[in-house]
Amino acid sequence: MAKPLPLAQRLPTRRVRILTGIFLAALLAFFGLDLNLGDLIPRDSGFRLVLEFFGAAFTPAFTYQSSTGLPEGTSPFLFKVGRGLWTTLTYAIAAMSLSLIGGMALGLLASASFWERRHPLWAVLRWAVRLLIAAMRSVHELLLALVFLATLGITPAAAVLAIAIPYSGTLAKVFSEMLDESPREAADALSYLGANPLQVFLIGRLPRAFPDIAAYSFYRFECAVRSSAVMGFFGFTTIGLYLRQSFENLHYREVWSYLYALIIVVLILEVWSSQLRRRFVA
Amino acid sequence: MVHLGGAPVLRGVDLEVGSGERVALLGPSGAGKTTLLRAINGVIVPRSGSVEVQGTALRNLDQRRLRQIRSRIGFVHQDHSLVANLRVLHNVVAGRLGRRGFWSSLRDVVRTSKTDLVEVHRILERVGIGDKLFQRTDSLSGGQQQRVALARALFQQPTILLADEPVASVDPTRSRDILDLMTELAEEEGWTLVASIHDLALAREFFPRVIGLRNGEVFFDGPADALTPKMVTELYSLDGLDNAGKLDGEGASKEQDG
């Protein structure tokens with residue numbers, strides 16, 4: 001008799017157990033929240049608002065929806081959209097620049113491949129960095145913004161820091177995983193030629209992970225644009241501020257202008273990043 | 001004796017390779033060819049016995065000294081040994097990493113000096129792919145990539161070249177060209193060449209000395225002509241291989257020189 005295949009026998013039951021677990025967790029969440037599909041149908045006043053709001057989507061505003069109450073010398077509406085967009089982008093760029101530096105530095109230190117061929121005691125530092133990264137990721141930028149608003153007031157630094165801290169953590173985590181998953185054969189070959197651990201890592205390993213790192217950074221920049229827009233809800237002068245004001249004034253056509261402006265920015269980023277990606281991969 | 005995991009991979013291997021010699025390692029897969037090559041450049045340290053390279057014993061060397069010795073030993077692998085998405089130029093320049101400080105090696109890759117550029121181009125011309133200098137390495141064919149690996153070795157200026165199945169991933173017609181080039185370069189540069197080859201005919205054609213490994217032991221060591229068909233059949237026969245898993249650490253331990 002051939003030996004039994006322990007792995008093959010165990011696999012299905014284990015898979016079933018995991019799937020059952022996920023399903024049970026979903027059930028628990030649904031009943032715990034007392035979810036009711038009927039809640040998704042808006043009531044009379046809500047229904048009218050929905051019609052009005054989505055109706056405005058077909059006629060976004062190009063000028064202010066109502067000129068009453070506008071102070072003398074107010075710049076044109078489209079100018080305001082542009083200014084909001086520009087501020088949103090500058091917040092995102094500033095936050096992303098900091099995050100790239102922090103994410104790269106922490107990502108290197110958190111990756112196993114960086115510490116290969118070094119003294120095992122360095123693992124202590126690596127785990128400390130991983131702990132730090134986890135802490136940075138665990139608080140959402142909006143919560144951090146609340147904290148920084150209370151301590152720093154409405155300064156751009158507060159919003160930028162609030163975005164940069166969790167973003168650095170996320171980038172560091174993902175970068176470190178990309179580095180560790182990149183092919184290692186070429187790096188080994190360099191160590192065979194007498195290269196030191198840092199040379200092996202920077203020249204043999206990092207370049208292989210670079211296309212993925214660049215693509216992911218682009219995606220995170222897109223997220224940073226969204227986060228920076230939302231920062232406007234706290235009073236920072238990004239597009240979110242104007243969006244909220246228009247919404248509160250029931251100027252839905254203006255709201256849609258802002259939303260379309262954001263969509264266009266994300267589309268432009270998408271085209272740009274896919275072009276760059278093609279260059280890296282080809 | 002060299003162990004990997006529990007069972008010894010090499011036992012009682014006692015070899016001496018003279019300077020400038022060209023040696024082919026033959027034997028079925030799992031015979032210990034790769035392990036022997038890795039022992040020669042100190043990637044694997046035998047549990048018992050010793051490896052000496054040019055009079056220096058590799059045991060108990062600190063990392064710095066070991067890197068110094070490795071910088072004089074070129075290594076050509078079967079495949080995947082080049083950084084695929086770097087240019088050919090940068091892969092060749094990486095040959096000298098073992099002798100470069102950190103900052104100068106970084107500059108080599110970011111902004112190669114004019115003299116190095118000229119030298120790399122000359123070397124690439126020598127291996128027949130001078131026009132590929134600025135191409136991305138993964139855009140080259142398998143045979144061309146092995147030429148880049150040889151160019152890297154040339155730029156490294158070693159005294160020994162180890163090659164682990166250098167033509168196993170290259171199509172048969174190109175294999176001869178690559179081995180032709182490799183042995184020619186070894187002669188020109190005075191390299192000691194040790195290569196594992198699984199094609200018997202190629203080993204005979206290009207290497208004056210053949211070492212047959214079987215089950216981690218030297219089965220044959222001598223001039224290629226002395227290898228009889230009967231010995232070859234025995235070398236690759238499956239008899240005895242089944243015992244490989246049962247070998248324990250009690251086998252005879254001998255000194256090994258590389």
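Predicted, not measured: the structure shown is a model, and the values here were computed from it.

Concerning the overall build of chain A
Phase 1: Helix and strand counts for chain A come out as eleven helices and zero strands.
Phase 2: Computed over its C-alpha atoms, the radius of gyration of chain A comes to 25 Å, more than 25% above the 19 Å expected for a compact globule of 282 residues.
Phase 3: Projecting the C-alpha coordinates of chain A onto the three principal axes gives extents of approximately 85 × 50 × 45 Å.
Phase 4: Classification of the 282 residues of chain A by burial places 32% in the buried group.
Phase 5: Contacts in chain A between residues far apart in sequence, at least 24 positions, make up 68% of those at least 6 positions apart.

Section: the interface of chain B and chain A
Phase 1: Chain B puts 24 residues into the contact, and the matching count from chain A is 18 residues.
Phase 2: Residue assignment for the side of chain B that touches chain A shows that the elements contributing at least two residues are α2 (63-70) and α4 (102-110) of chain B.
Phase 3: It is α4 of chain B that contributes the most residues to the side of chain B that touches chain A, four residues altogether.
Phase 4: Grouping the constituent residues of the side of chain B that touches chain A by class yields eleven nonpolar, eleven polar and two charged.

Remarks on the packing of helix α5 (residues 123-137) of chain A against helix α7 (residues 156-181) of chain A
A packed helix pair is summarised by two numbers, namely the angle formed by the two axes and the spacing between the axes.
All names here are of chain A.
Phase 1: Running from N to C, α5 and α7 cross one another at 135°; their axes reach a closest spacing of 7 Å. Relative to α7, the element α5 is oriented oblique. The interaxial crossing formed by α5 with α7 has left-handed handedness. Note on element contacts: α7 touches α5 through Ile-165, Pro-166, Ser-168, Gly-169, Thr-170, Ala-172 and Lys-173, opposite Ile-133, Met-136 and Arg-137.
Phase 2: Looking at the contact of α5 with α7 residue by residue, the class counts come to five nonpolar, three polar and two charged.

Regarding helix α10 (residues 239-248) of chain A
Phase 1: Three or more residues of α10 of chain A are buried, namely Ile-239, Gly-240, Leu-241, Tyr-242, Leu-243 and Ser-246 of chain A.
Phase 2: Where α10 of chain A terminates, the next one or two residues include Leu-250 of chain A, which has phi positive at roughly 60°.

Quick look at the environment of Arg-14 of chain A
Phase 1: Residue position: Arg-14 of chain A is located in helix α1 (residues 6-33).
Phase 2: The spacing of Arg-14 of chain A and Leu-142 of chain A is 128 residues in sequence and 39 Å in space, taken between C-alpha atoms.

Here's the deal with the domain arrangement of chain B
Residue and element names in this part refer to chain B.
Phase 1: In terms of domains, chain B is made up of domain 1 (1-72 + 159-170 + 187-258) and domain 2 (78-157).
Phase 2: Each side of the interface is counted separately: domain 1 has ten residues, and domain 2 has eight residues.
Phase 3: Of all the elements in the fold, those that place two or more residues in the side of domain 1 that touches domain 2 are α2 and β7 (160-164).
Phase 4: In the side of domain 1 that touches domain 2, the residues fall into four nonpolar, two polar and four charged.

A word on the pairing of strand β10 (residues 217-223) of chain B
Residue and element names in this part refer to chain B.
Phase 1: For strand β9 (residues 209-214) and β10, the ladder comprises six bridges, and the chain directions are antiparallel. Counted as the bridge partner of Arg-214 is Glu-217 from β10.
Phase 2: Counting the residues in the hairpin turn of β9 and β10 gives two residues, including Asn-215, whose phi is positive at 55°.

Some words on the packing of helix α5 (residues 114-126) of chain B against helix α6 (residues 142-156) of chain B
Residue and element names in this part refer to chain B.
Phase 1: Remark: α5 packs on α6, axes separated minimally by 9 Å, with the N-to-C direction vectors making an angle of 130°. Between α5 and α6, the interaxial angle falls into the category oblique. Seen from above, α5 lies across α6 with right-handed handedness. Each of Glu-119, Val-120, Ile-123, Leu-124 and Arg-126 in α5 lies in contact with α6, whose residues at this interface are Ala-151, Leu-154 and Phe-155.
Phase 2: Its residues assigned to classes, the contact of α5 with α6 shows six nonpolar, no polar and two charged.

Looking at unusual backbone geometry
One can expect most non-glycine residues to show negative phi and most peptide bonds to be in trans.
Residues and elements named next belong to chain B.
Phase 1: Positive phi outside glycine occurs at Gln-157, with the angle close to 55°.
Phase 2: Tracing the backbone shows Gln-157 in the loop between α6 and β7.
Phase 3: On the basis of neighbour counts, which here come to 14 C-beta atoms within 10 Å, the residue Gln-157 falls in the partly exposed class.

Side note on the sheet that holds strand β8 (residues 192-196) of chain B
Residue and element names in this part refer to chain B.
Phase 1: Taken in spatial order, the six strands line up as β6-β7-β8-β3-β9-β10 in an open sheet, and their pairing is mixed. Since the sheet does not close on itself, it has two edges, and those belong to β6 (73-76) and β10, each with one partner. Averaged over all neighbouring strand pairs, the angle between strand axes comes to 15°, with direction disregarded.
Phase 2: Contacting β3 (22-26), β9 and β10, helix α9 (residues 229-236) runs over the sheet at an angle of about 155° to β10.

Quick look at the environment of Thr-183 of chain B
All names here are of chain B.
Phase 1: In this fold, Thr-183 is placed in helix α7 (residues 172-189).
Phase 2: Taking the C-beta count within 10 Å as the criterion, Thr-183 has 18 such neighbours and is therefore assigned partly exposed.
Phase 3: Separated by 174 residues in the primary sequence, Thr-183 and Val-9 have C-alpha atoms spaced 28 Å apart.
Phase 4: Those residues in contact with Thr-183 that lie beyond four places of it in its chain are Arg-22, Leu-193 and Phe-206.

The rules behind each value
Residues numbered from 1 in each chain as written. Chains lettered and ligands numbered in written order. Predicted model: local features only at pLDDT ≥ 70, side-chain atom pairs only at ≥ 80, totals over all residues. Helix = DSSP H or I, 4+ residues; strand = E, 2+ residues; numbered from the N terminus. Rg over C-alpha atoms; globule rule 2.2 N^0.38 Å. Buried ≥ 20, exposed ≤ 12 C-beta atoms within 10 Å, placed from the backbone. Contact = placed C-beta atoms within 7 Å. Nonpolar A, V, L, I, M, F, W, Y, C, P; charged D, E, K, R; others polar. Axes fitted to C-alpha atoms, helices over the stretch in contact; angles between N-to-C directions. Parallel < 35°, antiparallel > 145°, perpendicular 65-115°, else oblique. Left-handed = near helix turned anticlockwise from the far one by under 90°. Domains from an automatic or database assignment. Pairing = 2+ DSSP bridges.

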